[in-house]
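Analysis of the macromolecular model
Residues per chain are reported as follows:
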Amino acid sequence: MPTISYDGQSFSIDSRRLWLASGAIHYPRVPRGLWRDRLRAAREAGLNCIETYVFWNAHERQPGRFDFSGDLDLRAFIEMVGQEGMFAIVRPGPYICAEWDFGGLPAWLHREARDKKTGEFKLRQNFQPFMEASSRYLRAVMEQVKDLQITTPREGRRHPAPVGNVPGEAAGGFHAGLRSTCGGPILLMQAENEWFSHNPDEGQAYLLEMARYLRENGCSVPVIACNQLWQTVPNTIHTWNASAHLAPSLRQLAVVQPNAPRVVSEYWSGWFDQWGGKHNDNVTPGKHYYRLASMLAAGAQVNHYMFHGGTTFGHFGGRTVNGKDCFMTTSYDYDAPLHEGGGRGVKYAMTKRICTFATQFASVLSGLEAAPDQACIAQDEVDHPLSVVHLRGTQGEAVFLLRSEKDKTRDTRIMLPEGITLPVHLGDDRAAWLLLHTNLGGVATLDFTNLRPFAFLDRKMLVLFGPAGSEGIVSIDGTAFHIKVPTGKEPAVETHEALVVVVLSEQMVDAALPTAEGLVVGTDRLDEQGQPVPLKGWPKIATITLDGKVSSEPATPARLPRAPRLTQWSSADCEAFVTGEAEAYQSFEGPASHEALGCDYGYGWYKLDIPKQSLPRGKARLLFPGGSDRLHIYTEGKWQAVVGTAAQDEPTTFKVASPMVVLSDNLGRMNYGQHVGQDLKGIPHHLMQVTPIRMGKPTVTDSPAGDPFVLSDLVYDRRKGDQAPAQTLTWTVKPEGRKPVVLDINGLPVGFVLKVNGQPLTFYNPGPHARFLRVVLDLTTEGPFTGGKNQLDFVLFAPLPSDADLGAQLRLFQATRVVTHKATWSFTPMAVPSADAFAPSVPDKRVGQPMWYRASFSVKATQAPLFLVARGLSKGQLYLNGHNIGRYFIADEQGKPKGPQKHYYLPEPWLRLDAPNELTIFDEQGHKPTGCKLSYRPLGPWH
């Protein structure tokens, strides 16, 4: 039976050490027809492992009904990873974050995972209804993949050979001699995710139970925990998540956990984008290069989050806590090394340099000392001078040179232990790595070199690179020789006894790929037949065989085709829904959220028939407390306003008439932080006419810090028992006419537990991100709020900062009228109209009137990624041949540009080559789509 073990240096399979260079690819964010292309791009970048979350809410859309088919075929994806010669890391959650709706949790938990007697609702805690649902889900996941673990024997069978042209010792995976009769590529599994709280008893009980569910259902590989050490979990490997400041954290991790390898489970190679923000490209290729090298210098194995982000199709984009309206764009390009449409840019090239080195020289890296014990110059990305880290091991030594942004060193000299002074040419790079006294597969010893190792192929070819024109020095088996790094596009080749040494420039190494036969220069990818695809700017493709023979042939990179045109526009209106006359409306007892109504994703139409005596006269100051995320309000068939967390979240002045129709948009549920599970979509509370309450100055008393753990076992960024001296702020509130009072917190810098008449009701935990909270104090619900005087105690977590602005950051609103209290409520989910509802015309823009549009286009080939340029639209949803492409947001209801995303990916597997393609657009404001066009964009939406 195959075995996997680990120590402070690395993992081992059947006693053979390996080194992981991993990258995240989320199978639901990539159509199945593109999986192999993306996996091969990862392998060609030098990766030997693929990590993926498992997406509970995509697989179990209804309780007990699982879907692992098509684009959700987790098993097929993992099998394909193995076929491509790579390992797999599986992270099933149940909570995953991932900028995915509800952090991967199913929305039906709001209906199904409540205590039947009390109605209590808890997530990510040892709460029986949630645990039962989680247990069922994890059992279903393990049924899919348990025999795909590397520890699962397959009698009489070997793991399938890699598909395609893979170098024999290239990626450190199954094809690198790990030919045990294993069941599959899964090397590690993760229990839960980012449980950033210290609650020793309850937290450990919950996390251990999640690990137990995996074990009891067949998990036999090591289990990792990704909690930033907030909560320890016995018998798991603790990993680290970060983007910057990696070296000190990883050294500390080695001290805390000396008997397990350092694993960066999420190195953030980029960052996500949000509607209304700017495209995030802060992790430049130079920073990325530096950070990858610094993690190797700290002895860490790395998983890129993301290596390829892909697209958040449909309605699965999440909401995070940088602000009230931080909702995820459809593109999950993430500024990752491999772009959304599969394009390979500069960051991909930087990844390939370092990760190819890491996996090709896995025997060296996995044999280095477990925890560096020598001091070095601090690795500061911006200010510090050049840092040098020297690591020793059983198979060789590694030297890393790391240069901060402000350091201008291009050339330096290092002194080797034996006294030799070696010139090192950095050029424009911020990182370099050298090998000393390195065992080259038992064939030779690399004594030293001032060039950067790239690959060692089949124990016959050593590939090095450096700045063009620099003087390379190589010493093998005691014989030193000089070799100049080429300045053109012809590689330098030297033969040392039975070893071929190939020297490339930086430009050349970015155009080089190891293959089973040797090395190819002038390409960045191989086609499906394993043949090199010509790279733009390279007139020839050179091939160096393992015996040192060089040949070349002319090459002409393919040109992009002319983009197709959108034609045959047609349209369908939503008038019957806007006026409330559609037969699809079904009555219910309101108010009720989307979740309560079973509309877990997408838009919903509410119709409210309001008695005349409940209507305010003329325009009134109105609030839908808890209304998410964009509520388009129509009266008498005319658009009145858009309110909600992603629009106008303040009391808004507009006129109400009956019936009132509301188009409710679900832009995504919280995927991170304390608010996960707290943001209901649609209309969970009545429409209220409100007026501000002047709170006055509170009574301030010294007190211990508030204890939020009386309300939840999971409190982000806090430790149970931490009750340092703090303060309590007290106000007295009496509701007018026994009507609701709305408490609104926005930007208050200190957290608190809210007590109403002495009873803890909720807590506000600003943490590093979340700085908003809205509470409806209502007599119609069970709770401590009364119709008389109520004492509101804000038991702070720390003394109130001097710069706190209570008047702006903590407000109360009194409902003077509950407009919909006696209304008759109806609802229907929004659906795509039937084909016969579309008329062959596009009317002029109708302000505020939602519209559906259709157009056709034809394509003859799919050799380049195709994008829709969504010019002239407002906000809505896109469909391609029946596939939900995702949300777009070009302009708000006032016509102001929103962005940042303007280009929307139309995946090649969803395009038709033998028939016209159908593009369907829903636009909330009815903006004309005739300015839209199609464009081929090799490097995705941002380049």
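Residues numbered from 1 in each chain as written. Predicted model: local features only at pLDDT ≥ 70, side-chain atom pairs only at ≥ 80, totals over all residues. Heavy atoms only, no water.

1. Comments concerning the overall build of the protein
Looking only at helices and strands, one finds 13 helices and 58 strands in the protein. Relative to the 2.2 N^0.38 estimate, which gives 30 Å for 943 residues, the radius of gyration of the protein is 30 Å and therefore close to what a compact globule would have. Overall size of the protein, expressed as C-alpha extent along the three principal axes, is 100 × 70 × 60 Å. For the protein, buried positions account for 63% of its 943 residues. A fraction of 73% describes how many contacts in the protein between residues 6 or more apart in sequence connect residues 24 or more apart. Here the protein displays about 34,700 Å² of accessible surface, and carbon together with sulfur accounts for 48% of that area. Here the protein contributes 96 positively and 96 negatively charged side chains, and the mean placements of these two sets differ by 5 Å. (Helix = DSSP H or I, 4+ residues; strand = E, 2+ residues; numbered from the N terminus. Rg over C-alpha atoms; globule rule 2.2 N^0.38 Å. Buried < 20%, exposed > 50% of the residue type's maximum accessible area, 1.4 Å probe, protein only. Contact = heavy atoms within 4.5 Å. Areas by Shrake-Rupley, 256 points an atom, 1.4 Å probe, with all protein chains shown as cover. Lys, Arg positive; Asp, Glu negative; His and termini not counted. Charge placed at Lys NZ, Arg CZ, Asp CG, Glu CD.)

2. Observations regarding the sheet that holds strand 3 (residues 16-18)
Each strand in a sheet pairs with another by means of backbone hydrogen bonds, the pair being arranged parallel or else antiparallel. If you walk across this open sheet you meet the 3 strands as 1-2-3, and the pairing is antiparallel. Strands at the two margins of the open sheet, each flanked by one partner only, are strand 1 (4-6) and strand 3. The sheet shows a mean angle of 35 degrees between the axes of neighbouring strands, taken without regard to direction. Relative to strand 3, strand 2 (residues 11-13) runs antiparallel, the two being bridged by 3 bridges. By the bridge assignment for strand 3, Ser12 is matched with Arg17. (Pairing = 2+ DSSP bridges. Axes fitted to C-alpha atoms, helices over the stretch in contact; angles between N-to-C directions.)

3. Looking at the sheet that holds strand 39 (residues 652-655)
Taken together, the 6 strands give an open sheet; going across it, the order is 39-36-42-50-45-48, and neighbouring strands pair in antiparallel fashion. One side of each edge strand has no neighbouring strand; the edge strands of this open sheet are strand 39 and strand 48 (772-777). The average undirected angle you get between the axes of adjacent strands in this sheet is 40 degrees. Two strands pair when backbone bridges link them, and strand 45 (residues 741-746) and strand 50 (residues 810-818) are joined in this way by 5 bridges, in the antiparallel orientation. Of the residues in strand 50, the one forming a bridge with Leu743 is Leu812.

4. Concerning helix 6 (residues 200-216)
A rise of 1.5 Å per residue sets the reference length of helix 6, with its 17 residues, at 24 Å; its end C-alpha atoms lie 23 Å apart and thus fit the reference within 8%. The complete set of buried residues in helix 6 reads Gly203, Tyr206, Leu207, Met210, Ala211, Tyr213 and Leu214. Relative to the axis of helix 6, the buried residues are bounded by an arc of 150 degrees and lie together on one face. Away from its buried face, by an angle of more than 90 degrees, helix 6 presents the exposed residues Asp201 and Glu216. Its buried side turned inward, helix 6 meets helix 5 (128-145) and strand 7 (186-190). Just past helix 6, the residue Gly218 takes up positive phi, approximately 110 degrees. (Expected span 1.5 Å × (residues − 1). Arc of directions from axis to C-beta.)

5. Here we look at the nonpolar core
Counting 110 residues, the largest nonpolar core has Phe77, Leu105, Leu109, Phe130, Ile186, Leu187 and Tyr305 as the members making the most contacts within it. Ignoring sequence-local partners within four residues, the contact set of Leu105 consists of Trp56, Asn57, Pro94, Tyr95, Leu123, Phe130 and Val676. Within the second largest apolar cluster, 73 residues are counted, among which are Trp19, Leu250, Tyr290 and Ala512. (Core = buried A, V, L, I, M, F, W, Y, C linked by side-chain atoms within 4.5 Å.)

6. Examining the packing of helix 5 against helix 6
If you want to describe how two helices pack, look at the angle between their axes and the distance between the axes. Where helix 5 contacts helix 6, the two axes come as close as 9 Å, and the packing angle between them is 30 degrees. Our pair here, helix 5 against helix 6, has a crossing hand that is right-handed. Two secondary-structure elements touch here, helix 5 through Phe130, Met131, Ser134, Ser135, Leu138 and Met142 and helix 6 through Tyr206, Glu209, Met210, Tyr213 and Leu214. Among the residues forming the contact of helix 5 with helix 6, the class breakdown is 8 nonpolar, 2 polar and 1 charged. (Left-handed = near helix turned anticlockwise from the far one by under 90°. Nonpolar A, V, L, I, M, F, W, Y, C, P; charged D, E, K, R; others polar.)

7. Re the packing of aromatic side chains
Tallying each qualifying case throughout the model produces 45 aromatic pairs. Between Tyr606 and Trp825 the ring centres are 6.5 Å apart and the planes differ by 80 degrees, which places this aromatic pair in the edge-to-face class. Residue Tyr606 is found in strand 35 (residues 604-609), and its partner Trp825 is found in strand 51 (residues 824-829); the two are separated by 219 residues along the sequence. A relative accessible area of 0% places Tyr606 in the buried class. (Phe/Tyr/Trp six-rings, centres within 6.5 Å; stacked < 30°, edge-to-face > 60°.)

8. Let's talk about the pattern of salt bridges
This structure, assessed with the given rule, holds 48 salt bridges. Residues Asp37 and Arg38 are paired through a salt bridge, measuring 2.7 Å at the closest nitrogen-oxygen approach. What emerges from the salt-bridge pattern is a single network uniting Lys324, Asp649, Glu650, Asp744, Arg774 and Arg811. (Salt bridge = Lys/Arg side-chain N within 4 Å of Asp/Glu carboxyl O.)

9. Considering the environment of Lys540
Checked against the element boundaries, Lys540 lands in strand 30 (residues 540-545). Leaving out residues up to four positions away in the same chain, Lys540 has contacts with Glu490, Val521, Gly522, Ser552, Glu553, Pro554 and Ala555.

10. A few points about the packing of helix 8 (residues 285-297) against helix 9 (residues 346-360)
Contact geometry for helix 8 and helix 9: axes closest at 9 Å, N-to-C directions at 15 degrees. Looking at the two axes, helix 8 sits roughly parallel to helix 9. The interaxial crossing formed by helix 8 with helix 9 has right-handed handedness. In contact with Pro285, His288, Tyr289, Leu292, Ala293 and Leu296 of helix 8, helix 9 contributes Val346, Lys347, Met350, Thr351, Arg353, Ile354, Phe357 and Ala358. (Parallel < 35°, antiparallel > 145°, perpendicular 65-115°, else oblique.)

11. Structural notes on helix 8
Here helix 8 is 13 residues long and its end C-alpha atoms lie 18 Å apart, about the 18 Å a rise of 1.5 Å per residue gives. Burial analysis of helix 8 places 11 of its 13 residues in the buried class, the great majority of the element. The complete set of buried residues in helix 8 reads Lys287, His288, Tyr289, Tyr290, Arg291, Leu292, Ala293, Ser294, Met295, Leu296 and Ala297.

12. Remarks on the pairing of strand 42 (residues 688-693)
Of the strand pairs in this sheet, strand 36 (residues 619-623) and strand 42 are connected by 2 bridges, and their pairing is antiparallel. Opposite Leu622, over in strand 42, you have Gln689 as the bridge partner. Examined bridge by bridge, strand 42 and strand 50 share 6 bridges and lie antiparallel to one another. Across the sheet, Met688 pairs through a bridge with Val818, a residue of strand 50.

13. A look at unusual backbone geometry
Residues Gly93 and Pro94 are joined by a peptide bond in cis, for which omega reads 20 degrees. A positive phi angle is found at Arg124, which is not glycine, with a value near 60 degrees. Its location among the elements puts Arg124 in the loop between helix 4 (109-112) and helix 5. The phi torsion at Tyr334 lies on the positive side, around 65 degrees, for a residue other than glycine.

14. A short note on the side chain of Asp892
Relative to the helices and strands, Asp892 resides in the loop between strand 55 (883-889) and strand 56 (903-906). One buried charged side chain, Asp892, makes no salt bridge at all; its nearest oppositely charged neighbour is Lys896, positioned 5.7 Å away. A distance of 2.9 Å separates a polar atom in the side chain of Asp892 from the backbone nitrogen of Lys896. (Polar contact = N/O pair within 3.5 Å; in protein donor to acceptor, adjacent residues only side chain to side chain.)

15. Details of the pairing of strand 55
Here is the key point about a regular strand: its side chains alternate between the two faces of the sheet. The element strand 55 is largely enclosed, with a buried count of 6 among its 7 residues. Once strand 54 (residues 875-880) ends, the chain turns through 2 residues before running back antiparallel as strand 55, passing Asn881 with a positive phi of about 50 degrees.

16. Some points on the state of the cysteines
This model, assessed by the stated rule, comprises 0 disulfides. Of the cysteine sulfurs around Cys97, a residue in no disulfide, the closest is that of Cys226, at 9.7 Å. In this structure Cys574 is not part of a disulfide, and its nearest cysteine sulfur, from Cys599, lies 15 Å away. (Disulfide = S-S within 2.5 Å.)

17. Examining the environment of Trp230
Following the sequence through the fold, Trp230 ends up in the loop between strand 8 (223-225) and strand 9 (237-238). Between the C-alpha atoms of Trp230 and Ala444, which are 214 residues apart in sequence, the distance is 46 Å.

18. Remarks on the side chain of Thr730
Locating Thr730 in the fold gives a position in strand 44 (residues 725-733). Side-chain polar atoms of Thr730 contact the side chain of Asp793, separated by 2.7 Å. Beyond its immediate chain neighbours, meaning those up to four positions away, Thr730 contacts Pro698, Thr699, Gln791, Leu792 and Asp793.

19. So, the environment of Gln128
By the element assignment, Gln128 lies in helix 5. Put simply, Gln128 and Arg114 are 14 residues apart on the chain and 8.9 Å apart in space, counted from C-alpha to C-alpha.

20. Topic: the confidence of the model for the protein
Per-residue pLDDT for the protein has a mean of 93; in total, 97% of the residues score no lower than 70. Ignoring residues within four places in sequence, the model shows residues 156-164, a span with pLDDT below 50, making 23 contacts including any to other chains. The model gives residues 168-180 a pLDDT under 50, and that stretch makes 46 contacts with residues more than four places away or in other chains. (pLDDT = per-residue confidence, 0-100.)

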